[in-house]
Amino acid sequence: MKFFFTLLLTFFLCSTWSFAQDCTIGATVGSCCTFTMDGVLTIPPGVDLEIEVEAWGAGGGSPEAVNHRAGGGGGAYCIDTYDVTGCETFPITVGQGALEMDGGDSSFDFGTGNIIVGGGSLGGLNTGGAGGTGPAGCTPGGAGGDRASAPGISDGGGGGGGGSGPPGPPTTDGNPGVLNTGGAGGMAGTPGGAGGDGGNIGFLGMDGMFPGGGGGGKGTTFTGMIEPGTAGGHGRVIICVTESTSNVPDCDDGLCYTVDSYNTTICECESIGTQPTEPATECWETATFNNDPAICNWEITGTQPTEPTTECWETATFNNDPAICNWEVTGTQPTEPTTQCWETATFN
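Nothing here was measured: the structure is a model prediction, and the numbers come from that model.

Cut-offs used in this document
Throughout this description, residue numbers start from 1 for each chain and increase along the sequence as written. Only residues with pLDDT of 70 or above have their local features reported here, since the model is predicted, and side-chain atom pairs are shown and tallied only from 80 upward, although totals for entire chains, interfaces and linings are computed over all residues. Only hydrogens and water are set aside when side-chain values are computed; all heavy atoms of the structure are taken into account. The set of buried Ala, Val, Leu, Ile, Met, Phe, Trp, Tyr and Cys residues whose side-chain atoms join them within 4.5 Å is what this entry labels a nonpolar core. Under the scheme applied here, a residue whose accessible area is under 20% of the maximum for its type counts as buried, over 50% as exposed, and between as partly exposed, the area being computed with a 1.4 Å probe on protein chains only. Under the DSSP-based scheme used, a helix requires at least four consecutive residues in state H or I and a strand at least two consecutive residues in state E, with every element numbered from the N terminus. Contacts: residue pairs with any heavy atoms within 4.5 Å of one another. In this analysis, rings of Phe, Tyr and Trp, with Trp reduced to its six-membered ring, are considered paired at centre separations within 6.5 Å, and the interplanar angle assigns stacked below 30 degrees, edge-to-face beyond 60, and tilted for intermediate values. Should the NZ of a Lys or the CZ of an Arg lie within 6 Å of a ring centre and within 35 degrees of the ring normal, that charge is described as sitting over the ring. Pairing between strands is defined by DSSP: at least two bridges between them are needed. Every axis in this analysis is a line fitted to C-alpha atoms, fitted for helices over the stretch in contact. Angles between the N-to-C directions lie between 0 and 180 degrees.

Trainee: Looking at this model, I keep getting lost on the nonpolar core. Mind explaining?
Mentor: Nonpolar side chains tend toward joint burial in soluble globular proteins. One finds L41, I51, I92, F108, F110 and I239 to be the most contacted residues of the largest nonpolar core, which totals 24 residues. Secondary structure elements with two or more residues in this core: β2 (32–35), β4 (47–56), β5 (77–85), β6 (89–92), β8 (115–117) and β9 (236–246). Discounting chain neighbours no more than four positions away, the residues touching L41 are C23, I25, C33, F35, I51, E88, T89, F90, I92, F110 and I239.

Given below as structure tokens:
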């Protein structure tokens, strides 16, 4: 029964689980999103925010073995503020602790370059794993404690795992094993994760605490069989709003025939409405759209040229060709007849 439980526990600890954890943060000061696995942070529309980001890398584990082993390093801790704009999205990576492996890195990029909050290293054969590190200003994780090692003396105590930040305790390093007693896990600043205690001879070490504690090293087994190591605590990223400023864009396009609004789903301005159709005009007319909201329609200006006076034999016709756009007079006076000397021709 004990053997079956050990196999089942090992299966769950060694399996890789893939979930997404997405979060839209609130627009008010104090709103927070907490990521314990990878996800996407979405900024709500219509606001500019200052956010505070607090992040831990995962703790390193400690390896399986027959003999005692050293503890894993704790994950690094970083905290800083960033400016973001409504409707932006940001991928968040959260380092995961895993059985007998290095702790995963947590990372994010809020427009200042990719920030990597390092996970702790796997404990070694004799020496504790190094604590994770991050950019300037971050707190490195505590180193794992070494396994017990006294020249010429049989010992079997595992090293304690390193703790994670924030700073506060005198030391976050795991304690080394002493003879057959496992070293205590390193302390952690609040709200960090302490390192797991190293195992006494005949006992397993403890997994690192969440977030970011390193796993404690196992003690030497009495059975001579390989027994499992430990996992570091998972990382975490906490994001909270520290300042919020309204920033709803002015969507008025200045056109009297449209209704303008801000679409908070796609974070874009939308305009609904169509300009009235331009009317047909004569060649002497000009159609101009009046954008005054009280009118909001086409206005036609221009007057047809005055029809010219014609003789009885003439006909005035208006030519609407835009290149001419004027009256044209056609017709010819009848030819004056030939008269005798006693005759006079008068045109009526």
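Next comes the rest of the description.
Trainee: Honestly, the packing of aromatic side chains in this entry has me stumped. Any pointers?
Mentor: Any two aromatic rings considered together are summarised by their centre-to-centre distance and by the angle between their planes. Summed over all chains, the structure comprises 10 aromatic pairs. Summarising the aromatic geometry, the rings of Y257 and F289 are spaced 5.7 Å apart at their centres and angled 90° between planes, so their arrangement reads as edge-to-face. Of this pair, Y257 sits in the loop between β9 and β10 (259–263) while F289 is found in strand β12 (residues 286–290), placing the two residues 32 residues apart along the sequence. Taking relative accessible area as the criterion, F289 reaches 17% and is therefore assigned buried. Cluster of aromatic residues (ring-pair linked, three or more members): Y82, F90, F108 and F110. Between the NZ or CZ atom of R236 and the centre of the ring of W56, over which it lies, the distance is 4.7 Å.

Trainee: What is the right way to read the sheet that holds β5 from this model?
Mentor: Strands pair in a sheet through their backbones, by hydrogen bonds, and they do so in one of two ways: parallel or antiparallel. One open sheet holds the four strands; their spatial order is β2-β9-β4-β5, and the pairing between them is antiparallel. The strands lining the two open edges of the sheet, one partner per strand, are β2 and β5. Averaged over neighbouring strand pairs, the angle between their axes works out to 20° when direction is ignored. Inspection of the sheet shows β4 paired to β5 by nine bridges, in the antiparallel sense. Considered in β5, the bridge of E54 is made with I79.

Trainee: Would you mind showing me how to read the sheet that holds β6 here?
Mentor: Taken in spatial order, the three strands make up an open sheet running β1-β3-β6, and their pairing is mixed. Looking along the sheet, the strands with just one partner apiece sit at the ends: β1 (23–24) and β6. Two elements, β1 and strand β3 (residues 39–42), share two bridges in a ladder whose sense is parallel. Bridge assignment links T24 to a residue of β3, and that residue is T42.

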